Amino acid sequence: MLCAVLAGCAVVTNTAAGAPSSSGPQTPVAPKYATVTNFGASITCGYYATPQGASGNIYSTLGYAGVFDSSLSGTTAQNLCRAGDMAADTARAWVMPNAVPALGRRQLYTLMVGTNDLLQCGGQTGCLPNFINAMTAMLSWLALPANDKVLGSSLNVSSAWTPDLNIGVATNTAGASLSFPVQQTVDGRTLYIAYRVFDAGKVNGGTATVQVDGKTVATLSTIANAGRFISTPNGTSDTIWAVGIPLGAVGAHTVTITNGSSGGFFSFQWAGVSSGQYASTTGAPRVMVALLPQSTAPYFNTVEVTHNNALNQLATALAADGMWVTVVHCDSVLNITTDLVDTVHPNTAGHAKLAAAFEGVL
């Protein structure tokens, strides 16, 4: 790593005679990122990297996340992963409860999410929408700093709405509504609205309409209705999805969310629109999202291309909206003949290649 990012590194110059000399004690340079948080499943936990024996959910510190973290000198790292997790698990159990992005904190987030979505449902109807809806919620939440968001818990709402999870509000009352202002500072930006979704039978679910400046622009359903249950092997049956709504012109907008006339449960979590160009803003949160590595299974690879294309399009759209979201092309770094232990899990050499892919993007 370059000397300039190492705390306490002295600058060496050349004298007229050509001999090196130290310029003396230097003020330590802060690391570019103060914290790094990695989200994912067993691959992120270092499964099959050796030696094993790490603590908690971590199998090995030589997994790609551990190796990548160790390359960030002076950065505090944490690895929030669990074997078997799908996108629904990661959004509900890890990202939303544990990440509070804000300007000036120099936060770096990485995600490698989706291998288990492919293994569990692959090309089945509803698998891709479930994955992308949850990824939209995660990526936009992580990349939008707090000043760009409105939390359900921060709104002055009627008694028909009650607290839900740690930042949202929910209602069962027919016609219950909430409103909040959005100040759009850049033309053509997208408003992202995050809400809670359930498998059928878990709640008496409702629908809610979204209006911007009095015009209905979307209808959101509490019940996952994309043709595939949320239910995951790790027991998650509800999660957070997000929808993007174009706002149009610069200026103030009023957003109103109204529960359906038949009532039923609806939960609003948060909404946000980027007010900056965060890739060029010092200290803004940065998100690095991995395209999924290849497998030894031809069918998996076929579906992987579809999911990776959709994920790449999502990341591109978020970046165009001013968020610092960067794609890491882990889809092309592994040799499936030599770098995998089984169908999808890399060996130690494979993990090192994945780590190098993340380092290369930095």
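A quick note: this is a predicted structure, and the numbers were derived from the prediction, not measured. (Residues numbered from 1 in each chain as written. Predicted model: local features only at pLDDT ≥ 70, side-chain atom pairs only at ≥ 80, totals over all residues. Heavy atoms only, no water.)

Caption draft 1: A look at the nonpolar core. Core analysis: the largest hydrophobic core is formed by 68 residues, its most contacted members being Leu 111, Met 135, Phe 180, Ile 193 and Phe 268. If you tally residues by element for this core, the top one is helix H4 (residues 127-143), at 10 residues. Setting aside chain neighbours within four positions, we find Met 135 in contact with Ala 87, Leu 111, Val 113, Val 289, Leu 311 and Leu 314. One finds Tyr 33, Ala 65, Leu 72 and Ala 290 within the second-largest nonpolar core, a separate group that totals 22 residues. (Core = buried A, V, L, I, M, F, W, Y, C linked by side-chain atoms within 4.5 Å. Buried < 20%, exposed > 50% of the residue type's maximum accessible area, 1.4 Å probe, protein only. Helix = DSSP H or I, 4+ residues; strand = E, 2+ residues; numbered from the N terminus. Contact = heavy atoms within 4.5 Å.)

Caption draft 2: Highlighting the pattern of salt bridges. All chains considered together, the criterion is met by 6 salt bridges. Measuring nitrogen to oxygen at the nearest pair gives 3.0 Å for the salt bridge that ties Arg 196 to Asp 238. Remark: Asp 238 occurs in strand S13 (residues 238-246) and Arg 196 occurs in strand S10 (residues 190-198); sequence separation between them is 42 residues. Neither Arg 196 nor Asp 238 differs from the other in exposure class; each is buried. (Salt bridge = Lys/Arg side-chain N within 4 Å of Asp/Glu carboxyl O.)

Caption draft 3: Spotlight on the packing of aromatic side chains. Enumeration over the complete set of coordinates arrives at 10 aromatic pairs. A ring pair is formed by Phe 198 and Phe 265, whose centres lie 5.5 Å apart and whose planes are at 90°; its orientation type is edge-to-face. One end of the pair, Phe 198, is in strand S10; the other, Phe 265, is in the loop between strand S14 (251-259) and strand S15 (266-272), and 67 residues separate them in sequence. Side by side, Phe 198 and Phe 265 carry an identical accessibility label, which is buried. Taken together, the aromatic side chains of Tyr 47, Tyr 48 and Tyr 59 make up a single cluster linked through ring pairs. The ring of Trp 141 carries Lys 149 above its face, with NZ or CZ at 3.8 Å from the centroid. (Phe/Tyr/Trp six-rings, centres within 6.5 Å; stacked < 30°, edge-to-face > 60°. Lys NZ or Arg CZ within 6 Å of the ring centre and 35° of its normal.)

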